[in-house]
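Summary of structural features
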Amino acid sequence: MQEAARPSREISVLMLSLDRGLLGSSGDGGDVRERHMRYAEQVRSLDIVVFGGERGMTKQLSDKLTIHATGGRGLGMIFAARRLVRSVLGAKQMHLIVAQDPHVAGWVGLWAKKRFHLPLLVHLHGDFLKNRHWRNERWFHLIFAVLQPHILRQADGVRAVSTAIQEKLVSLGIPRGKVTLISTPVDEAVFLTSDEKQQVRIEELRYKYAGKFIALFVGRLESAKNIFFMIDVLERLRRKKKEIVLLMIGEGSLREQIKVAIKNRRLEGDVHMLGPKDHAELGVYYRLAHAVLLLSTNESFGKVIIEAGLCGTPTLASQTAGAAYIIEDGKTGFIVSVNDLDATVDVLDEMIDYPEGVKLLGMNAREVYKARYTSERSVQKIVELWASLARA
């Protein structure tokens, strides 16, 4: 007989995550800490083991949310994570383990599931499955690709953030009933309105970039974001004498390499690396931009597409699982094939030439995303999923 689920307010959750933004070290200007505080408010307690950071560091973000850092690197993080899991489970009664990926976090989560006899939920935030672009990014992705099915098939539940990921899971033999589709929460209130101070800043920046089509990238400076391809696109457009500037917001391991590429191609006046920005600043740049570029090789969801759309700015994205799930091609933005340089340049060239059409795409995006994506609904669905899997 299946054990009954507890009400969400009565469950304690142990999460495993590689998102160092939880430690306050994210370069994406994202809302990761605030979002997890909202999750924690709906349960008895939420403890998160984060791979990385300073060993032994613990942060109490609220009376219900505690962050534990493993410290270390490589295999050392895995052993440290296991020690932390044993420590947390020795101090608190937990009802559910949540792994934020089917790789390192999933591996440790599966060990904890078997060792402590707790249910395991795996969240998929990336387009990892059956994705040759992702497999080719780094050598250890080949190992992860082998681990994925093993971990996912033994999990008690799997959360997908787009229908494409959901179908990939089913094709791997994961029962459809074990897969739940829930989008990543987006704090729509932050992006639907702007105050007088933000409007003044927008006008200042418009004056600075007057006469140019403003393209914006927001995200991690990592291989998956395909940033060097994006620079190829910009270089091709500059050769065509197009007046375009690319603003890049975010931080990551490729920062120095990107700076070198910009210098070597003499694009210092056309590409500006702005570093990380907080949510209020992001709203300014989303409203400033004519279009957001998200030309990733893999993207399970694409939260920036929605954030930009809520600000009235459309996105030109490559055909990843996430972008194809969110964007209505030709209505709320445009979709191009991954790494198709000619097609990407042609579409962006047309957007530069027809700003009225771009503005209409942005208006459509705002209305569609405002109706479809609300953070309250997504947060509630996620917590309800946790409660349905938690053991009484």
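Before reading on, note that the structure itself is shown above.
Everything in this summary refers to the structure shown in the same document. (Residues numbered from 1 in each chain as written. Predicted model: local features only at pLDDT ≥ 70, side-chain atom pairs only at ≥ 80, totals over all residues. Heavy atoms only, no water.)

Describing the packing of aromatic side chains
By the definition in use, this model includes 9 aromatic pairs. When the centroid spacing of 5.6 Å and the interplanar angle of 85 degrees are considered together, the rings of Trp139 and Phe140 count as edge-to-face. Note on Trp139: relative accessible area 64%, which makes it exposed. Classification of Phe140 by relative accessible area gives partly exposed; the value is 26%. Aromatic rings pair up to connect Phe301, Tyr325, Tyr369 and Tyr373 into one cluster. The ring of Phe116 has Arg115 sitting right over it, with the charged end atom 5.0 Å from the ring centre. (Phe/Tyr/Trp six-rings, centres within 6.5 Å; stacked < 30°, edge-to-face > 60°. Buried < 20%, exposed > 50% of the residue type's maximum accessible area, 1.4 Å probe, protein only. Lys NZ or Arg CZ within 6 Å of the ring centre and 35° of its normal.)

Let's talk about the sheet that holds strand S4 (residues 65-69)
Strand order in the open sheet formed by 8 strands is S3-S4-S2-S1-S5-S6-S7-S8, with mixed pairing between adjacent strands. The sheet is open, and its two edges are formed by strand S3 (58-60) and strand S8 (179-181), each paired on a single side. Direction aside, the axes of adjacent strands within the sheet are offset by 20 degrees on average. Pairing between strand S7 (residues 157-160) and S8: 3 bridges, direction parallel. Directly across from Val158, in S8, lies its bridge partner Val179. This element, helix H2 (residues 75-91), spans strand S1 (12-17), strand S2 (45-50) and S4 of the sheet and lies at about 170 degrees to S1. (Pairing = 2+ DSSP bridges. Helix = DSSP H or I, 4+ residues; strand = E, 2+ residues; numbered from the N terminus. Axes fitted to C-alpha atoms, helices over the stretch in contact; angles between N-to-C directions. Contact = heavy atoms within 4.5 Å.)

Notes on the environment of Ala105
Note that Ala105 resides in helix H3 (residues 104-116). Overall, the relative accessible area of 0% leaves Ala105 in the buried class. In this structure the C-alpha to C-alpha distance between Ala105 and Ser45, which are 60 residues apart in sequence, comes to 19 Å. Setting aside anything within four residues of it in sequence, one finds Ala105 in contact with Leu16, Leu18, Phe51, Ala99 and Gln100.

Focus: the environment of Arg33
By the element assignment, Arg33 lies in helix H1 (residues 32-41). Of the residues examined, Arg33 reaches a relative accessible area of 25% and is grouped as partly exposed. Between the C-alpha atom of Arg33 and that of Arg20, which follows or precedes it by 13 residues, the distance is 9.9 Å. Once residues lying within four places of it in the same chain are set aside, the contact partners of Arg33 are Gly21, Leu22, Gly24, Lys59 and Leu61.

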